[in-house]
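Examination of the molecular architecture
Here is what each chain is made of, one letter per residue.
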Amino acid sequence: MMRFQRAYHRLSLSPLCHSSPPSASLLLLPPKLSTLRFPRVRRFASGNSLMSSRAASRLRVLASVSPGAGEDAGGSSSNGSASLSATATEDDELALGTGYRLPPPEIRDIVDAPPVPALSFSPHRDKILFLKRRALPPLADLARPEEKLAGVRIDGYCNTRSRMSFYTGLGIHQLLPDGTLSPEKEITGIPDGGKINFVTWSNDGKHLAFSIRVDENGNSSKPIVWVADVETGEARPLFKSQDIYLNAIFESFVWIDNSTLLVSTIPSTRGDPPKRPLVPSGPKTLSNEKKTVVQVRTFQDLLKDEYDADLFDYYATSQLVLASLDGTSKEVGPPAVYTSLDPSTDHKYLLISSLHRPYSFIVPCVRFPKKVEVWTADGRFVRQLCDLPLAEDIPIVANSVRKGMRSINWRADKPSTLYWAETQDGGDAKVEVSPRDIVYMQSAEPLAGEEPEVLHKLDLRYGGISWCDDTLALVYESWYKTRRTRTWVISPGSNDVTPHILFDRSSEDVYSDPGSTMLRRTAAGTYVIAKIKKENDEGTYVLLNGSGATPQGNVPFLDLFDINTGNKERIWESDKEKYFETVVALMSDQKEGDLKMEELKILTSKESKTENTQYSLQLWPDRKVQQITNFPHPYPQLASLQKEMIRYQRKDGVQLTATLYLPPGYDPSKDGPLPCLFWSYPGEFKSKDAASQVRGSPNEFAGIGSTSALLWLARRFAILSGPTIPIIGEGDEEANDRYVEQLVASAEAAVDEVVRRGVAHPSKIAVGGHSYGAFMTANLLAHAPHLFSCGIARSGAYNRTLTPFGFQNEDRTLWEATNVYVEMSPFMSANKIKKPILLIHGEEDNNPGTLTMQSDRFFNALKGHGALCRLVILPHESHGYSARESIMHVLWETDRWLQKYCVPNTSDADTSPDQSKEESDSSEKVATPTGGGNPEYEDHSKIRRSLLW
């Protein structure tokens, strides 16, 4: 199944059902629910104490009649900014935090716009499934009880992951020969209000399988597996019995063949959940008497005791059931904590993974002991591939991995053939060894005494294989410390052909990226490298789909590439002047064997600065274009916004890039400089040249998510989105050794540029960010107070001593790089923060490193030094925010902060510019880290470490 979705459709948010939008009153009261709470707000204004209510009342009256309130010092309102969202009297009362608030209508209307459906093409590419979604969920959905076990959050009532998004309806369109879509055929029979998940096509495209939950007394029911006939559109439950429920904690179900599914179900013999004993059986004890070195990140939601372990087993244990479309079913295998179910290419075998005890109280379930077994398709045990022990001791050094067999998969091009990698360095990236990884291959049922075949040996860390056939496969390896990435060409079916390197480059060098090979779908439902046949040419050609990074921005391309000679021919390229186009998928892949060049068909996307993404088919040889979607503009009120990719230079010579957005109709010569919101997220690099490269396109559509900084275009702000903030560590130097210095230099260059252009008022620039961007925001207010009027920091970590075994891409420990940890922590510089800062955090943040306690303690540190600050804790929210009430309140808080401390700001708000600059320069000199400790290897795999914290 192929799916494609665009980020600007708010796809990062859970598309849950929400209640009808409330009336446009200023106060939004949450539903009457015992577990639903108002956001917790703490505020502290500069000064020694909170004033009495009578004194506050007097000041409010004075403030409400002050001349020029809400305007700049010059009394001019020509900057076009919207007026304050509430009077001074109202604002002080609202600041007490007595309920959920709504942002101004111009912001609210954009956020409440209905999302477009997600799309999924049928296996034969002749139909498109529209998966319909609702916008933001109500807070009541997040307020439901959940269990936090082994790094997993579980809705015990449904026996699913908690906070699951869902689809509200399914519709099928036939893709007609001329590229147009037939009228929609709605999937019928689904219960009213049914919540749809796990939608998958059968391999022949004749059926859909999915799960459905319905509301029961304010809760969602346990999910039931349904199937739908694509031809008739009729849906029905898969099982004849209505008492067979899906266990969706890990793997849900897979198609074994076109008429059979393997389903993880809740065991029919399962009773009530275990109850926590009133009297504990003994103390909680952790021991390291063997002196094992175990360093782990600050994982959250871990098991706390044996009761938690029992509860994890209760919810995660599944009984596998083979179910046919005719309604017959049978249980296979014993109940276990099954985590993955993978049919072989020829559908004769199953690759089954499961977890087992002993569990851990210091790492999540992905590191629990794991068995990997081979079964026949009818559920008979064949053999055990491995039983991996508990992996608490994986080093924090990047590119470190679990010992033993890993990345076990079926070959996509061969029947019943397994391959996997095994580390030769014990999983420790600090160990120098050659080879570092070995890739093995073996049949599902090897003959007695048959050893696994060595497929390839690698000196970097294995990153995966793209299969084609016995004559061609591509093997990937990489190393984060050096940013080196290599692609090998191998012939899996011939030991006589010597493997050779196809590409050897830096992963940071986007200008040299040759692109990725395009895959075609096989009759078995797997994906292999698409070989292209040119007329009267015996060469071995593949398609390389690239982003096309250039100094002018990305110009995506499709190259016809000769694997043997390295010669390439550009057969398609995006428009450069107005549009940004990309190749989404290969559509002419229904036939087996090589694809003829003259029959090539691809799916492309097309967008511009002001036109949202639409999808089209392009057909060779005449390159005919058939547009197949016509989605409406998601926010027409901003359809004429102005967007420009700007370039400028940091004082050390590094070239920087940012996207500057200006509101519709803005004319700098008439309207003058605007208040500006600077929103960014730092990145790490090994070279100045790579850090200076341009990423992104000036012609991409301006995507606006539900908490996006671009929402303030509707409030007449200039938005400096994603100004690059490269933190560079060349040679043996680590990037964070000069974090503060480079952070401040990057921000100074960006601010100087927008001021030089005359679009931003120098004393009305606010800075903001989420997660590591919040960390950035607090550091900039501490070390560059001359640049910004105020800051908004969401879900950040501010004290790095609370994450002593690494953070972000830093893999030195607190004890190895003490100065770096301390000097990077804005918590340690709380006494220097004099500009207003708004802190927002989800009360249930489960992201490693960004515990809610980080914001609590940072606020107390700021308050202890008299800083003007405000802390908003969002009940039930995690690292990102999803409930409508929460998101609307975040937007109200942000807008209030900007209108109060950015729009009317003058340069003498707290300190003189010279004094601020002096403090900044001084802090830069103090904060130049020494490194403290030996540098270690960092990680760079195909999928980089998460940058969410």
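What you are looking at is a predicted structure, and each value in this text was computed from that prediction instead of being measured. (Residues numbered from 1 in each chain as written. Predicted model: local features only at pLDDT ≥ 70, side-chain atom pairs only at ≥ 80, totals over all residues. Heavy atoms only, no water.)

Counting buried positions over the eight residues of strand β46 (residues 655–662) gives seven, a clear majority of the element. Sheet topology places strand β45 (residues 642–649) next to β46; eight bridges connect them, and they run antiparallel. Residue pairing for β46: Met645 is matched across the bridge by Thr659. Linking β45 back to β46 in an antiparallel pair, the connection comprises five residues, with Gly653 at a positive phi of about 95°. (Buried < 20%, exposed > 50% of the residue type's maximum accessible area, 1.4 Å probe, protein only. Helix = DSSP H or I, 4+ residues; strand = E, 2+ residues; numbered from the N terminus. Pairing = 2+ DSSP bridges.)

Quick look at empty space enclosed by the protein now. Think of a ball as big as a water molecule: rolled over the atoms, this probe shows where empty space is left. Summed over all chains, the structure comprises six cavities of 30 Å³ or more. Taken as a whole, the second largest cavity encloses approximately 150 Å³ of empty space. Around the second largest cavity, the lining is made up of 16 residues, and of these Asp141, Arg144, Asp155, Arg163 and Met164 lie nearest the centre. Contributing elements (two or more residues each) for the lining of the second largest cavity: α4 (139–142) and β9 (160–161). Considering only residue class, the lining of the second largest cavity consists of five nonpolar, three polar and eight charged. (1 Å grid on protein atoms, 1.4 Å probe; cavity = no way out; pocket = protein on both sides within 12 Å on 5 of 7 lines; lining within 4 Å. Points joined across faces, edges and corners; volume = space filled by probe spheres on them. Nonpolar A, V, L, I, M, F, W, Y, C, P; charged D, E, K, R; others polar.)

Bringing the confidence of the model for the protein chain into the picture now. In this model, the protein chain carries an average pLDDT of 87, and 85% of its residues clear a pLDDT of 70 or more. Contacts of residues 1–36 to residues separated by more than four positions or lying in other chains number 114 contacts, the stretch itself having pLDDT below 50. Note that residues 46–89 has pLDDT below 50 and, in this model, 50 contacts with residues that lie over four places away or in other chains. (pLDDT = per-residue confidence, 0-100. Contact = heavy atoms within 4.5 Å.)

Next up on the list: the side chain of Asp313. Take Asp313: it is sitting in helix α5 (residues 306–316). Within polar-contact distance, the side chain of Asp313 engages the side chain of Tyr359 at 2.5 Å. Beyond its immediate sequence surroundings of up to four residues, Asp313 is in contact with Val337, Arg357 and Tyr359. (Polar contact = N/O pair within 3.5 Å; in protein donor to acceptor, adjacent residues only side chain to side chain.)

To continue, consider the sheet that holds strand β27 (residues 437–443). With respect to topology, four strands assemble into an open sheet ordered β25-β26-β27-β28, the strand pairing being antiparallel. Two strands bound the open sheet, and with one partner strand each, they are β25 (405–410) and β28 (453–458). Neighbour-to-neighbour, the strand axes of this sheet turn through a mean angle of 20°, independent of strand direction. The sheet contact formed by β27 and β28 spans five bridges and is antiparallel. Its bridge partner lying in β28, Ile438 is registered against Lys457. (Axes fitted to C-alpha atoms, helices over the stretch in contact; angles between N-to-C directions.)

Taken N-terminus to C-terminus, the directions of helix α8 (residues 739–756) and helix α9 (residues 772–783) make an angle of 85°; their axes are 10 Å apart at the nearest point. Between α8 and α9, the angle falls in the class roughly perpendicular. Residues Tyr739, Val740, Leu743, Val744 and Ala747 of α8 lie in contact with α9, whose contacting residues are Tyr772, Phe775, Met776, Asn779, Leu780 and His783. (Parallel < 35°, antiparallel > 145°, perpendicular 65-115°, else oblique.)

Another aspect to go through is the environment of Ile792. Within the element layout of this structure, Ile792 appears in strand β52 (residues 790–794). For Ile792, a relative accessible area of 0% gives the class buried. The spacing of Ile792 and Cys869 is 77 residues in sequence and 10.0 Å in space, taken between C-alpha atoms. Residues contacting Ile792, with those up to four places away along its chain left out, are Leu677, Trp679, Val767, Gly768, Gly769, Thr777, Leu838, Thr894, Trp897 and Leu898.

Along the chain, Ser434 connects to Pro435 via a cis peptide bond; the corresponding omega equals 0°. Considering the arrangement of structural elements, one finds Pro435 in the loop between β26 (417–423) and β27. Omega for the peptide link from Trp620 to Pro621 comes to 10°, which places this bond in the cis form. One non-glycine residue, Ser771, lies in positive phi territory at about 65°. Positionally, Ser771 belongs in the loop between β51 (760–770) and α9.

This part covers the sheet that holds strand β30 (residues 472–479). One open sheet accounts for four strands, arranged β29-β30-β31-β32; its pairing is antiparallel. Looking at the sheet topology across the chains shown, the edges are occupied by β29 (461–469) and β32 (500–506). Direction aside, neighbouring strands of the sheet carry axes that sit 15° apart on average. Of the strand pairs in this sheet, β29 and β30 are connected by seven bridges, and their pairing is antiparallel. Residue Asp469 lies in a different strand from β30, and its bridge partner there is Leu472.

Moving on to helix α12 (residues 884–901). End to end, α12 covers 25 Å across 18 residues, agreeing with the expected 26 Å (1.5 Å per residue, within 8%). In terms of burial, α12 is a largely internal element, 17 of the 18 residues being buried. (Expected span 1.5 Å × (residues − 1).)

Applying the stated rule across the entire model yields 45 salt bridges. With a shortest N-O distance of 2.9 Å, Arg357 and Asp310 are connected by a salt bridge. With Arg357 in the loop between β22 (349–355) and β23 (370–376) and Asp310 in helix α5, this residue pair connects regions lying 47 residues apart in the sequence. When the shortest N-O distance is used, the salt bridge between Arg757 and Glu753 registers 2.8 Å. A residue is classified by how much of its surface remains accessible, and Arg757, at 29% relative accessible area, is partly exposed. Here Glu753 falls in the buried class, since its relative accessible area comes to 9%. (Salt bridge = Lys/Arg side-chain N within 4 Å of Asp/Glu carboxyl O.)

Moving on, we come to the packing of aromatic side chains. All told, the structure shown has 20 aromatic pairs when counted by the stated rule. Between Tyr772 and Phe775, the aromatic rings sit 5.2 Å apart at their centres with planes inclined by 15°, giving stacked as the arrangement. Residue Tyr772 and its partner Phe775 are located together in helix α9, separated by three residues, close to a single helical turn. The same class applies to Tyr772 as to Phe775, namely buried. Here the aromatic residues Phe250, Phe312, Tyr359 and Phe368 are joined through ring pairs into a cluster of three or more. Cation over ring: Arg570 sits above Phe557, and NZ or CZ is 4.0 Å from the ring centre. (Phe/Tyr/Trp six-rings, centres within 6.5 Å; stacked < 30°, edge-to-face > 60°. Lys NZ or Arg CZ within 6 Å of the ring centre and 35° of its normal.)

Bringing the nonpolar core into the picture now. A general trend in soluble globular proteins is that nonpolar side chains are found buried together. If you look at the biggest cluster of nonpolar residues, it comprises 64 residues, and the most contacted ones within it are Phe678, Leu780 and Phe788. In terms of residues, this core owes the most to one element, α8, which gives nine residues. Once residues lying within four places of it in the same chain are set aside, the contact partners of Phe788 are Phe678, Ala747, Val751, Ile765, Ala766, Val767, Leu780, Leu781 and Lys835. Counting residues in each nonpolar core, the second largest holds 41 residues, with Val41, Ala714, Ile840 and Leu868 among its members. (Core = buried A, V, L, I, M, F, W, Y, C linked by side-chain atoms within 4.5 Å.)

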